[in-house]
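The lines below spell out each chain.
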Amino acid sequence: GQQLNQSPQSMFIQEGEDVSMNCTSSSIFNTWLWYKQDPGEGPVLLIALYKAGELTSNGRLTAQFGITRKDSFLNISASIPSDVGIYFCAGQWGGSEKLVFGKGMKLTVNP
Amino acid sequence: DAGVIQSPRHEVTEMGQEVTLRCKPISGHNSLFWYRQTMMRGLELLIYFNNNVPIDDSGMPEDRFSAKMPNASFSTLKIQPSEPRDSAVYFCASSLADNQPQHFGDGTRLSIL
């Protein structure tokens, strides 16, 4: 089946540092999405990307849709304690509503 | 605006019992998705509906699982009989059609003893 490789699996950083994570796929996607999940809650959409090469920001978050359409990255700048959580990438093929999720990246921010 | 609403939030039951999970999608959304999340397998799509019609149920693990969407504002996921390996967090998500992002509920944490 289709798989997304999300790396790294976890990161421990100091407050104020920047962090970067990425996802790669063996398949071409038409849409890349980044979600964040807090304990006991559902994933919350952070950024949606719809076009190869697209670079989109949402506050301190920046994400890019890779030019090959097989990868995406998410950057968080100037991390704060509330950035703690699990970050998921998800890809969607054209003509389908199905999402394939990465395994997630657990972020810990030390104050 | 109300998001996706799931109930119950937690369910603990003995194996062999029937379990029914409920979901109310965001009003106006045309597509509804059921996911299962475990440590080992991550987030897996079980089934999704478009305009109340099941489109893809290839992720449903076996015949013990069934899902219905009798109207645009309600869906159920049923497990009968339940087994300990069904223990997981089950999420419902909804979206407007045409590749719009999915919005998730807060999930039902299911424990089968």
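The coordinates are above.
The notes below deal with the structure included here.

Conventions adopted
- Residues numbered from 1 in each chain as written.
- Chains lettered and ligands numbered in written order.
- Predicted model: local features only at pLDDT ≥ 70, side-chain atom pairs only at ≥ 80, totals over all residues.
- Heavy atoms only, no water.
- Salt bridge = Lys/Arg side-chain N within 4 Å of Asp/Glu carboxyl O.
- Helix = DSSP H or I, 4+ residues; strand = E, 2+ residues; numbered from the N terminus.
- Buried < 20%, exposed > 50% of the residue type's maximum accessible area, 1.4 Å probe, protein only.
- Contact = heavy atoms within 4.5 Å.
- Pairing = 2+ DSSP bridges.
- Axes fitted to C-alpha atoms, helices over the stretch in contact; angles between N-to-C directions.

**A closer look at the pattern of salt bridges**
Next, step 1: One pass over the full model with this rule turns up eleven salt bridges over all chains.
Next, step 2: D83 of chain A serves as the salt-bridge partner of R60 of chain A, at 2.8 Å between the closest nitrogen and oxygen. Within this pair, whereas R60 of chain A is found in the loop between β6 (55–58) and β7 (61–65), its partner D83 of chain A is found in the loop between β8 (71–76) and β9 (85–92), the two being separated by 23 residues in sequence.
Next, step 3: Judged by relative accessible area, R60 of chain A falls into the partly exposed class, the value being 28%.
Next, step 4: Residue classification places D83 of chain A among the buried positions, given a relative accessible area of 6%.
Next, step 5: We note a salt bridge from E44 of chain B to R41 of chain B, for which the minimum N-O separation is 2.6 Å.
Next, step 6: Look at E44 of chain B and you get buried, because its relative accessible area is 17%.
Next, step 7: Put simply, E62, R64, E83, R85 and D86 of chain B are held in one network by salt bridges that share partners.

**Structural notes on the environment of C92 of chain B**
Next, step 1: Examined against the element boundaries, C92 of chain B turns out to sit in strand β9 (residues 88–95).
Next, step 2: With sequence-adjacent residues up to four places away left out, C92 of chain B is seen in contact with V4, Q6, C23, L32, F33, W34, H103, F104 and G105 of chain B.

**Here's the deal with the sheet that holds strand β3 (residues 19–25) of chain A**
Residues and elements named next belong to chain A.
Next, step 1: Spatially, the five strands line up as an open sheet ordered β1-β3-β8-β7-β6, and their pairing is antiparallel. The open sheet has two free edges, formed respectively by β1 (4–7) and β6, since each of these has just one partner strand. With strand direction ignored, the average angle separating the axes of adjacent strands in the sheet is 15 degrees.
Next, step 2: Bridge count between β6 and β7: four bridges; the pairing is antiparallel. Looking at the pairing, T56 lines up with A63 of β7.

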